[in-house]
Amino acid sequence: MGLSAAFFDLDKTVIAKSSALAFGRPFYRDGLISRRDVVKTAYAQLMFRLGGGTDEQSMARTRDYMAALCKGWRVEQVQQIVAETLNDLINPYVYAEAAALIAEHQAAGRDVVLVSASGDEMVRPIGALLGITDVIATRMAIVDGRYSGAVEFYSAGSAKVVGVKRLAEERGYDLTRCYAYSDSSSDLPLLEAVGHPSAVNPDRALRRVAALRSWPIMEFRHPVPLGKRLRDRPAVPVAAALGVGVGVAIGFALYGRHRRTRASAVA
């Protein structure tokens, strides 16, 4: 049997918000971005979520805009802001269902990898919060401790597959035995690259594809902070993911007063 891994998109799949936008306020507070930058970035993210930015040309424009925006920032300052605000801005928004599913894959002996278009300086600490050490994320070029305005690797769309295949080759993963989870149609290349793809909180386009291909469709609805997850461990873990006419048992959990599961069946 080949080694396997589970690849998780981050935004709206593991956490209930945009990881990049989450740090907008502290970046603005510390003078890294202007009010105008906040509005433009939020608009760009909205267009992406609505499916207007999922083609290669749009993703390239987003990449170039973010590279120009970050040019000149001190890497150490960004890392410090993320470290100081991670618990308040990200921890409360981790889906309990995603945390349970990650733990289930880890218990089964699979490596878990976060695959995100957000910057490595943001994604890696979020991974550490979840007990994940493997990350495929956007890497900005750095010169003398500052971002140069160039992008070494933009982890979006088909480029995510490049990172996944590179890691699979290094680790000896058999991708036919690997799992992938995402909410966005922009991640179709990632989902198609593995033997066990699942759509999580899918956008309209991804939901259609998942229905046509009988992929499991999972609905994560309960963001719960890490501390509460540890206090309110469920007596019985519940797995639920419905594809087209198929029920697939995967780690889904009940936590505290959020002891409810929701399955989505697509006709």
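Keep in mind it's a predicted model, so treat the numbers as computed, not measured.

Engineer: A description of helix α7 (residues 120–129) should follow, citing residues and the corresponding values.
Structural biologist: Each α-helix winds once per 3.6 residues, and so residues spaced three or four apart point in a common direction. Considered for burial, the residues of α7 that qualify are D120, E121, M122, V123, I126 and G127. Residues of α7 that are buried in the fold lie against α1 (19–22), α2 (24–29), α5 (75–89), β2 (111–119), β3 (134–143) and β4 (146–153).

Engineer: Explain the pairing of β3 residue by residue, including any values.
Structural biologist: The buried fraction of β3 is high, at seven of 10 residues. Pairing geometry for β2 and β3, over four bridges, is parallel. Residue pairing for β3: V115 is matched across the bridge by I136. Regarding the hand of the β-α-β motif, the stretch spanning β2, α7 and β3 is right-handed.

Engineer: Could you give an account of the environment of I33, with specific residues and numbers?
Structural biologist: Here I33 lies in the loop between α2 and α3 (35–49). Judged by relative accessible area, which is 12%, I33 ranks as buried. Spatially, the C-alpha atom of I33 lies 7.7 Å from that of L69, the residues being 36 residues apart in sequence. Excluding anything up to four places from it in sequence, I33 contacts G24, F27, Y28, V38, L69 and W73.

Engineer: I'd like to hear about the packing of aromatic side chains, residue by residue, with values.
Structural biologist: Across all of its chains, the model carries five aromatic pairs by this definition. With centroids separated by 6.3 Å and ring planes inclined at 75°, the aromatic side chains of F7 and Y173 adopt a geometry described as edge-to-face. With F7 in strand β1 (residues 5–8) and Y173 in the loop between α8 (158–171) and β5 (179–182), this residue pair connects regions lying 166 residues apart in the sequence. On the basis of relative accessible area, F7 is assigned to the buried category, the value being 0%. Judged by centre distance (4.6 Å) and plane angle (20°), the rings of F8 and Y181 are stacked. Taken as a pair, F8 in strand β1 and Y181 in strand β5 lie far apart in primary sequence, 173 residues in all. In this structure, F8 and Y181 share a single accessibility class: buried. Feature note: the residues F23, F27 and W73 constitute an aromatic cluster, connected by ring pairs. Over the face of the ring belonging to F153 we find R166, whose NZ or CZ atom lies 5.9 Å from the ring centre.

Engineer: How would you sum up the nonpolar core? Please name residues and give values.
Structural biologist: Counting residues in hydrophobic clusters, the biggest one holds 43 residues, and the most contacted among them are F8, V14, F23, F27 and W73. Where this core is concerned, the elements lending two or more residues are β1, α4 (56–70), α5, α6 (96–107), β2, α7, β3 and β5. The element best represented in this core is α5, accounting for six residues. The residues contacting F27, other than those within four sequence positions of it, are L32, I33, W73, V78, I81 and M122. Core analysis: the second largest hydrophobic core is formed by 24 residues, F7, Y173, L175 and L188 among them.

Reading guide: rules and limits
Residues numbered from 1 in each chain as written. Predicted model: local features only at pLDDT ≥ 70, side-chain atom pairs only at ≥ 80, totals over all residues. Heavy atoms only, no water. Buried < 20%, exposed > 50% of the residue type's maximum accessible area, 1.4 Å probe, protein only. Helix = DSSP H or I, 4+ residues; strand = E, 2+ residues; numbered from the N terminus. Contact = heavy atoms within 4.5 Å. Pairing = 2+ DSSP bridges. Right-handed = clockwise from strand over helix to strand, strands pointing away. Phe/Tyr/Trp six-rings, centres within 6.5 Å; stacked < 30°, edge-to-face > 60°. Lys NZ or Arg CZ within 6 Å of the ring centre and 35° of its normal. Core = buried A, V, L, I, M, F, W, Y, C linked by side-chain atoms within 4.5 Å.

Nothing here speaks to function; it is all geometry.
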